[in-house]
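Structure assessment
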Amino acid sequence: MSINPESTDKSFGWLSVAKRLQAIAQAGLSFSESGYDMERYEEIREISTKMISHYTEEDFSKVKKLFAEGKGYQTPMVDVRAVVFKDGKILLVKEKVDGRWSLPGGWADVGYSPAQVAAKETREEAGFEVQAKKMLAVFDKKFHPHPPEPYYVYKIFLLCECLGGKASAGTETSDVRFFSRSALPPLSEERNTSGQVKMMFAYLDDSGKEVYFE
């Protein structure tokens, strides 16, 4: 299959090409035994870093630091989001970094299961104690209208039951509220899109709805 860098399909844009080149370079640098090949992989890493910097508008030195220390076979990063409903409304937290709203969550931590990550992030960002009950969706971020970023990301959305606690903002959040589907606030689209949040309400309407993936 040929790749058209100008395609509007997020899976075949220049940024996707750059991320794939970055992964190939990292694997080559980790496993190649040829000095000649190592030089070529270093060049590929440098070129792909410049491309990622250009298309994400991140400083080149920052992008280079993100990837220059990577070793082994590059795999997607995993973001976990907690979906908590109360009286037909969904729990959102206001992110300090952009002043917009998202489902509680964050990067998966080594040593924590997805359910534990959802519980930890909800406690830290929103003040509530929750327990994950069901997986609702696994999103490949490239198929959804998020802003461009250097990482390749999978997003896991887990339905969680509230066990206690009270609304309390954390170090990364400034407000905590429940919102109805018809009155969603401006969303932090790096973390969740309006389409994804609205999709979560579909699971509230139909508890037997199949897990969404892709």
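See above for the structure.
So, a few notes on the structure that sits alongside this text. (Residues numbered from 1 in each chain as written. Predicted model: local features only at pLDDT ≥ 70, side-chain atom pairs only at ≥ 80, totals over all residues. Heavy atoms only, no water.)

**Details of the pattern of salt bridges**
Evaluation of the coordinates by the stated rule reveals 16 salt bridges. Between R81 and D79 there is a salt bridge, and its shortest N-O distance comes to 3.1 Å. Across the pair K120 and E124 runs a salt bridge, and its minimum N-O distance is 3.8 Å. You can see K120 and its partner E124 sitting in helix α4 (residues 114–126), 4 residues apart, about one turn around the helix. What makes E124 partly exposed here is its relative accessible area of 43%. A single network of salt bridges, built from pairs that share partners, joins D109, K120, E121 and E124. (Salt bridge = Lys/Arg side-chain N within 4 Å of Asp/Glu carboxyl O. Helix = DSSP H or I, 4+ residues; strand = E, 2+ residues; numbered from the N terminus. Buried < 20%, exposed > 50% of the residue type's maximum accessible area, 1.4 Å probe, protein only.)

**Observations regarding the nonpolar core**
Core analysis: the biggest nonpolar cluster contains 16 residues, and V83, F85, I90, L92, L103, F157 and M200 have the highest contact counts within it. Those elements that provide at least two residues to this core are β1 (77–86), β2 (89–95), β5 (128–140) and α5 (194–205). A per-element tally of this core places α5 first, with 4 residues. Here F85 is in contact with I90, L159, F178, M200, F201 and L204, once residues within four sequence places are set aside. Judged by nonpolar contacts, the second largest core, of 15 residues, contains V80, L91, V130 and C160. (Core = buried A, V, L, I, M, F, W, Y, C linked by side-chain atoms within 4.5 Å. Contact = heavy atoms within 4.5 Å.)

**Observations concerning the packing of aromatic side chains**
One pass over the full model with this rule turns up 7 aromatic pairs. A centroid spacing of 5.9 Å and a plane angle of 65° characterise the contact between F128 and F178, whose relative ring orientation is edge-to-face. A residue pair is termed long-range when its members are at least 10 positions apart, and F128 in strand β5 and F178 in strand β7 (residues 173–179) qualify at 50 residues. Residue classification places F128 among the buried positions, given a relative accessible area of 9%. Relative accessible area serves as the criterion here: at 22%, F178 is assigned to the partly exposed category. Plain terms: the ring middles of Y152 and Y154 are 6.2 Å apart, the flat faces sit at 75° to each other, and that makes the pair edge-to-face. Y154 sits in the partly exposed class, given a relative accessible area of 37%. Among the aromatic residues, ring-to-ring pairing joins F139, F157 and Y212 into one connected group. Between the NZ or CZ atom of R40 and the centre of the ring of Y36, over which it lies, the distance is 4.7 Å. One residue, K209, lies across the ring of Y203, its end atom 5.6 Å from the ring centre. (Phe/Tyr/Trp six-rings, centres within 6.5 Å; stacked < 30°, edge-to-face > 60°. Lys NZ or Arg CZ within 6 Å of the ring centre and 35° of its normal.)

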